[in-house]
Amino acid sequence: GLIDGEGTLMITRWKGKASWKPQYRARISVSNTDRAVLVDVQRSFGGILANQPPRDPRWKYSYQLVWTGRMAEPFLRRLLPDLQLKRNQAQILLEFIRHQRSTRHGRLSDEVIAFREGLRLRMRKLNARGATALTPART
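Keep in mind that what you see is a predicted model, and the values were worked out from it rather than measured.

*Asks:* Looking at this model, I keep getting lost on the overall build of the protein. Mind explaining?
*Replies:* In terms of helices and strands, the protein carries five helices and four strands. Start at the N end of the protein and walk to the C end: the helices and strands fall as α-β-β-α-β-β-α-α-α. Oriented by its inertia axes, the alpha-carbon framework of the protein measures out at about 45 × 40 × 35 Å. By the burial criterion, 36% of the 139 residues in the protein qualify as buried.

*Asks:* Just to check I follow, could you spell out helix 2 (residues 35-45) for this structure?
*Replies:* Every α-helical turn comprises 3.6 residues, leaving residues that sit three or four positions apart pointing alike. What helix 2 keeps buried is the set L38, V39 and V41. An end-on view of helix 2 places all buried positions within 165 degrees of arc, on one side of the element. Looking at the packing, one finds that the buried side of helix 2 touches helix 1 (2-6), strand 2 (22-32), strand 3 (48-52) and strand 4 (62-68). Two or three places before A36, at the start of helix 2, stands the capping residue D34, its side-chain oxygen 3.1 Å from that residue's backbone nitrogen. G46, located one to two residues past helix 2, shows a positive phi value of around 75 degrees.

*Asks:* Just to check I follow, could you spell out the packing of helix 4 (residues 87-102) against helix 5 (residues 110-127) for this structure?
*Replies:* When two helices pack together, their arrangement is given by the angle between their axes and by how far apart the axes lie. Between helix 4 and helix 5, whose axes approach to 10 Å, the crossing angle comes to 165 degrees. The orientation of helix 4 with respect to helix 5, classified from their angle, is roughly antiparallel. When the axes of helix 4 and helix 5 are compared, the crossing they make is left-handed. Along the contact surface, helix 4 presents N88, Q89, I92, L93, E95, F96, H99 and Q100, while helix 5 presents V112, F115, R116, L119, R122, M123, L126 and N127.

*Asks:* Explanation requested: the pattern of salt bridges in the structure shown.
*Replies:* Once the charged atoms of two side chains with opposite charge are near each other, the side chains can pair. Taken as a whole and assessed by the stated rule, the structure comprises eight salt bridges. For R122, the salt bridge identified is with E95, shortest N-O distance 3.8 Å. On the criterion of sequence distance, the pair formed by R122 in helix 5 and E95 in helix 4 is long-range, its members being 27 residues apart. With relative accessibility at 43%, the residue R122 sits in the partly exposed group. For E95, a relative accessible area of 27% corresponds to the partly exposed category.

*Asks:* What is the right way to look at the nonpolar core in this model?
*Replies:* Taken as a class, soluble globular proteins show a tendency for nonpolar side chains to be buried jointly. In terms of nonpolar packing, the biggest core is built from 29 residues, with I3, I11, I28, W67, L76, L93 and F96 touching the most fellow members. In terms of residues, this core owes the most to one element, helix 4, which gives six residues. In this structure I3 touches L9, V30, W67, F75, L79, L83 and K86, once residues within four positions along its chain are discounted.

Conventions and cut-offs
- Residues numbered from 1 in each chain as written.
- Predicted model: local features only at pLDDT ≥ 70, side-chain atom pairs only at ≥ 80, totals over all residues.
- Heavy atoms only, no water.
- Helix = DSSP H or I, 4+ residues; strand = E, 2+ residues; numbered from the N terminus.
- Buried < 20%, exposed > 50% of the residue type's maximum accessible area, 1.4 Å probe, protein only.
- Arc of directions from axis to C-beta.
- Contact = heavy atoms within 4.5 Å.
- Polar contact = N/O pair within 3.5 Å; in protein donor to acceptor, adjacent residues only side chain to side chain.
- Axes fitted to C-alpha atoms, helices over the stretch in contact; angles between N-to-C directions.
- Parallel < 35°, antiparallel > 145°, perpendicular 65-115°, else oblique.
- Left-handed = near helix turned anticlockwise from the far one by under 90°.
- Salt bridge = Lys/Arg side-chain N within 4 Å of Asp/Glu carboxyl O.
- Core = buried A, V, L, I, M, F, W, Y, C linked by side-chain atoms within 4.5 Å.

Just geometry here; none of it tells us what the structure is for.
Take a look at the structure:
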């Protein structure tokens, strides 16, 4: 439930200094202002716990628990049966991970980049704020 409510599943994209082609990585994160909650989750499921200072002085200090790259898949597989709101994101992320595993490492072809970018954009659309398939649009 914590991931469904407070978590984010995404495919990140960045361009490194050594290559003009983008790189992609699976990322799962959950944020909370109660560090103890995230420490309990970390004990059971691993992940990297990071501090998140508030961007606005009126906001509370928060923490983020993150799974990236190879850490993401085992956690995601344990999570998937219990997800309700973010099941579609989890399935896209697993498709991305399978695709990563099936392609050669090193320089990515234009076709591989296009496929991964398509998955990233699908994920981004599902993660967009606003009305979703599960919440009726306001009239």
